[in-house]
Each structure stands twice: as C-alpha cells, then as structure tokens.
Amino acid sequence: MIMSWSNSARDQKVPSMSPAPILYAGDTNLQNAASYLGGLLTSWRLDFDYVPSDQPMSAELLAPKRQLYILSDYPARQLAPELQQRLVAHVRAGAGLLMVGGWESFCGAGGHWQHTAVAEALPVHIADEDDRVNCDQPAMVMRARSHPAIDTLDWDQRPPCIGGFNRMIAKSDASVALELQRYAVARHGSSLTFTPREKHPLLVFGSHGNGRTAALATDVAPHWVGGLVDWGDRRVRARAPGSHEIEVGDQYAAFLRELVTWTGDISPPS
C-alpha cells in the first residue's frame, strides 16, 4: 500500500492533488518503525507520501519533483534502476536526498545500495560487504564540526548514545557533522573505566548538482536509535495517520526536524 498524508489520509492517485513535498520510503510501515519519523512529520504539518519497505516504488510517485526524498531501511531492490536515475535527476535539479541507516540501508543485510545511481549521489562511500555494527557498549554521538542542521542542539554538554550503525566513509568533498565515539568499558572493583575506541562518521552532508544530500549512519527507530530517541528533558508525542502514538525526547525530535528541513531546504513549520 502506497499512501499520501496531510492532516488526514489521502489517495496519492487523485490527479487534482499536488504531490506532497516529501517522499518517504522504508522503516517497515507506519504501524511499526515508520511511526517515529512519520508521526513527527505529521505533527510538524509536513505533508509526505509514504512507501512501506516491502512495496516497490512506482513511477507515478517519482514523476513529480519533490523537495526531499527520504530512504530509510528501504532496500535498493524496491527502487528500479531507471527510477533511481529519475530520483537522482530530481536531486541534481535541486531536491534533497537523505538516507537513514538500518539493516536495509547502505550495504546492510538487505540494503545493497552500493554501486547504484543513488549511491553516486550520496555524500558517502558505501561498503561492498555487510556494513552493520551493533554496539553492546557505549557509543556516543559527538559533534565533529559546526553545521546549520545541528548547531541549535546540545551535543557538547549532553551527547546522546546509539545502539548500532552502518560503517561508511565520507567522500572527499563532503562534510562530517557528527561522529560516533565508541568506548570499551571495564569494571575494576567499584569503579568503571571508559577507554576510547575508534571513531566513525555518523552524519555526513554533501551536495549533488543543485540538491543537498545527507547520510545518517544510525536508525531513527528502535533498536539502533538507542538512547537518542529519548534525548532531551521534555517528552514529545506524535501520531501518524492510522498508526499508534509515539513518545520521544524533545531534542531527538528537534534533531530530526532540523535534519529534514535543512536537507530538503524546507521552511521550518511554525
């Protein structure tokens, strides 16, 4: 089922309706993992067309140019090569492109985005083998450099943690805004020692033609999202049409709002 959402559900096939500014594909469906981003988009009154992970992308959905394309846990096999070329052409013409990490993103267990047209447009190099990393010890999100999409948030005084990510390498002309710092923790008597391990790019920004691009190596829904989903002191509730209510931290919500609106060059909702 392919759906289009505004303040209520609508049929994307009705020709009198203009296309939503955001095309969001993946994260299983709106009753599961997509309830997080889908719920927040709805709460911000940002209209979006949605395609579940088990459904192929249609040519009709990629006919109009959008402001932002979001691919999150959406396998490459669901987006035919000719449709990938059409999506990338829209990005070159000024649309935004965001890939979010997960088991079916980048080169995860079911993603296989390497050597595709979409991969060429992204600001990172995608591995040729399974790039998933699950973190059983602290993995902290750290600011690597200033960027307008992240600068309003408290990365330095209160860095959040995540539970997993896709390994990726930033392209030479891209900008790494967030890094992941992993730690090895050991107990010695009544104390704990935190030994820094390796760092990895976590949020990378770039451009393709006239369009903005971004790659987020972790997921925005459980389980990889880890403690990031609860980042902040206040709770935010939201619900996508036809789904259940989610409850998340206000800094997590603000992060996704800034990421989405900056990458798509979308005016933030009032």
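About the cut-offs
Residues numbered from 1 in each chain as written. Predicted model: local features only at pLDDT ≥ 70, side-chain atom pairs only at ≥ 80, totals over all residues. Heavy atoms only, no water. Helix = DSSP H or I, 4+ residues; strand = E, 2+ residues; numbered from the N terminus. Rg over C-alpha atoms; globule rule 2.2 N^0.38 Å. Buried < 20%, exposed > 50% of the residue type's maximum accessible area, 1.4 Å probe, protein only. pLDDT = per-residue confidence, 0-100. Contact = heavy atoms within 4.5 Å. Core = buried A, V, L, I, M, F, W, Y, C linked by side-chain atoms within 4.5 Å. Polar contact = N/O pair within 3.5 Å; in protein donor to acceptor, adjacent residues only side chain to side chain. Phe/Tyr/Trp six-rings, centres within 6.5 Å; stacked < 30°, edge-to-face > 60°. Lys NZ or Arg CZ within 6 Å of the ring centre and 35° of its normal.

1. With respect to the overall build of the protein chain
A count of helical and extended segments in the protein chain gives four helices and 16 strands. Compactness check: the protein chain gives a C-alpha radius of gyration of 18 Å against a globular reference of 18 Å for 270 residues, within 12% of the reference. For the C-alpha atoms alone, the extent of the protein chain along its principal axes is close to 70 × 40 × 30 Å. Buried residues in the protein chain amount to 54% of all 270 residues.

2. Quick notes on the confidence of the model for the protein chain
Looking at the protein chain as a whole, the pLDDT averages 93, with 93% of positions reaching at least 70. When the criterion is pLDDT under 50, residues 5-16 qualifies, and its contacts beyond four places in sequence or with other chains add up to 22 contacts.

3. As for the nonpolar core
Core analysis: the largest hydrophobic core is formed by 85 residues, its most contacted members being Ile22, Tyr252 and Phe255. Those residues within four positions of Phe255 in sequence are excluded, and the remaining contacts are Ile150, Leu153, Trp155, Leu178, Leu203, Leu216, Leu228 and Trp231.

4. Remarks on the side chain of Gln181
Turning to its location among the elements, Gln181 is positioned in strand β12 (residues 175-188). Under the relative-accessibility criterion, Gln181 is labelled buried at 8%. Polar side-chain contacts of Gln181 include one of 3.0 Å to the backbone oxygen of Arg197. Not counting residues up to four positions away in its chain, the partners in contact with Gln181 are Pro138, Ala139, Met140, Met142, Pro196, Arg197, Glu198 and Lys199.

5. Regarding unusual backbone geometry
Each neighbour pair has its own omega, and for Pro222 with His223 the value is 15 degrees, a cis peptide bond. Looking at the secondary structure, you find His223 in the loop between β14 (211-216) and β15 (235-239). With phi around 65 degrees, Thr28 is a residue other than glycine that occupies positive phi space. Within the secondary structure, Thr28 is located in the loop between β3 (22-26) and α1 (34-43). Residue Asp73 is not a glycine yet carries a positive backbone phi of 55 degrees.

6. Quick look at the packing of aromatic side chains
What the rule picks out here adds up to six aromatic pairs. Taking the centre distance of 6.4 Å and the plane angle of 75 degrees together, the rings of Tyr183 and Phe194 count as edge-to-face. Of the two residues, Tyr183 is situated in strand β12 and Phe194 in strand β13 (residues 191-208); the sequence distance between them amounts to eleven residues. Ring-pair connections join several aromatic residues into one group, and the members of that group are Tyr24, Phe48 and Tyr50. One Lys or Arg, Arg132, reaches over the ring of Trp103 and ends 4.3 Å from the middle of that ring. A cation over a ring is seen here: Arg212 above Trp262, with NZ or CZ 4.2 Å from the ring centre.

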